[in-house]
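One-letter residues, chain by chain:
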Amino acid sequence: QQPVQSPQAVILREGEDAVINCSSSKALYSVHWYRQKHGEAPVFLMILLKGGEQKGHDKISASFNEKKQQSSLYLTASQLSYSGTYFCGTMEYGNKLVFGAGTILRVKS
Amino acid sequence: DTAVSQTPKYLVTQMGNDKSIKCEQNLGHDTMYWYKQDSKKFLKIMFSYNNKELIINETVPNRFSPKSPDKAHLNLHINSLELGDSAVYFCASSRMGSKNTGELFFGEGSRLTVL
């Protein structure tokens, strides 16, 4: 069963912040975040593990609340290069990564 | 050096034809996948192989047949193509076991258009 992402789309101006949420009805052991730019392949951003700490990469960070079965991706002081579709993924048995429907992020100058 | 490479990048074909997409990875990974991305950008896993063994076989029409001749290659053959098969097909690879970081490395995708 795929995780649920919100919002479906968000438009920002450069320098603004955004939060993308990901939730699951199943118990989560890990949450994976990917970004896909238009016409390109998805690219790994980070993985958050159960019992692990909040991760960060430059001005993009994420948190994982195991009890609520939720993860959030935080984009701080967004740049034009952040534009793309963000996917969260949850790992199921057999190393099967199931993705959410994606959140389209557009950063305007 | 491209880590995960797919050929062809574009395929345009008629309904009813048979086509294949090839994938190769030079990362030394032991697990490879096929994902289908439809027009709404939904990324759905189709198959995965670990060391040439089929691990994941999602609810996919049996017109789709994956083949892994060795752990560096995973091909996808599609028989009797239908309009609904039009999509971008992504190959990906990862490492399982104790060195598994969970990261999937995707190929550039193969855009299939069925007319």
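Further up the page is the structure itself.
What comes next concerns the included structure.

**What to know about unusual backbone geometry**
Here the bond from Ser-6 of chain A into Pro-7 of chain A is cis, since omega is -5°, no more than 30 degrees from zero. Turning to its location among the elements, Pro-7 of chain A is positioned in the loop between β1 (4-6) and β2 (9-13). With an omega dihedral of -10°, the bond running from Thr-7 of chain B to Pro-8 of chain B counts as a cis peptide bond. Among the secondary structure elements, Pro-8 of chain B is positioned in the loop between β1 (4-7) and β2 (10-13). For Gln-69 of chain A, which is not glycine, the phi dihedral falls at a positive 55°. Its place among the elements puts Gln-69 of chain A in the loop between β7 (60-65) and β8 (70-75). Phi at Asn-51 of chain B is positive, roughly 50°, even though this residue is not glycine.

**Focus: the state of the cysteines**
As used in these notes, a disulfide is a covalent bond between sulfur atoms, one from each of two cysteines. This model, assessed by the stated rule, comprises two disulfides over all chains. With its sulfur 2.0 Å from that of its partner, Cys-22 of chain A forms a disulfide with Cys-88 of chain A. Taking the torsion about the sulfur-sulfur bond, which here is approximately 70°, the covalent link between Cys-22 of chain A and Cys-88 of chain A counts as right-handed. In this pair, Cys-22 of chain A is assigned in strand β3 (residues 18-23) and Cys-88 of chain A in strand β9 (residues 84-92), connecting sequence segments 66 residues apart. Assessed through its relative accessible area of 3%, Cys-22 of chain A is described here as buried. Across the disulfide, Cys-23 of chain B is cross-linked to Cys-91 of chain B (sulfur-sulfur distance 1.9 Å). Between Cys-23 of chain B and Cys-91 of chain B, the S-S dihedral sits near -75°, and the bridge is therefore left-handed. Of this pair, Cys-23 of chain B sits in strand β3 (residues 19-25) while Cys-91 of chain B sits in strand β9 (residues 87-94); the two residues are 68 residues apart in sequence, bridging distant segments of the chain. Given a relative accessible area of 0%, Cys-91 of chain B falls into the buried group.

Procedures and definitions
Residues numbered from 1 in each chain as written. Chains lettered and ligands numbered in written order. Predicted model: local features only at pLDDT ≥ 70, side-chain atom pairs only at ≥ 80, totals over all residues. Heavy atoms only, no water. Helix = DSSP H or I, 4+ residues; strand = E, 2+ residues; numbered from the N terminus. Disulfide = S-S within 2.5 Å. Buried < 20%, exposed > 50% of the residue type's maximum accessible area, 1.4 Å probe, protein only.

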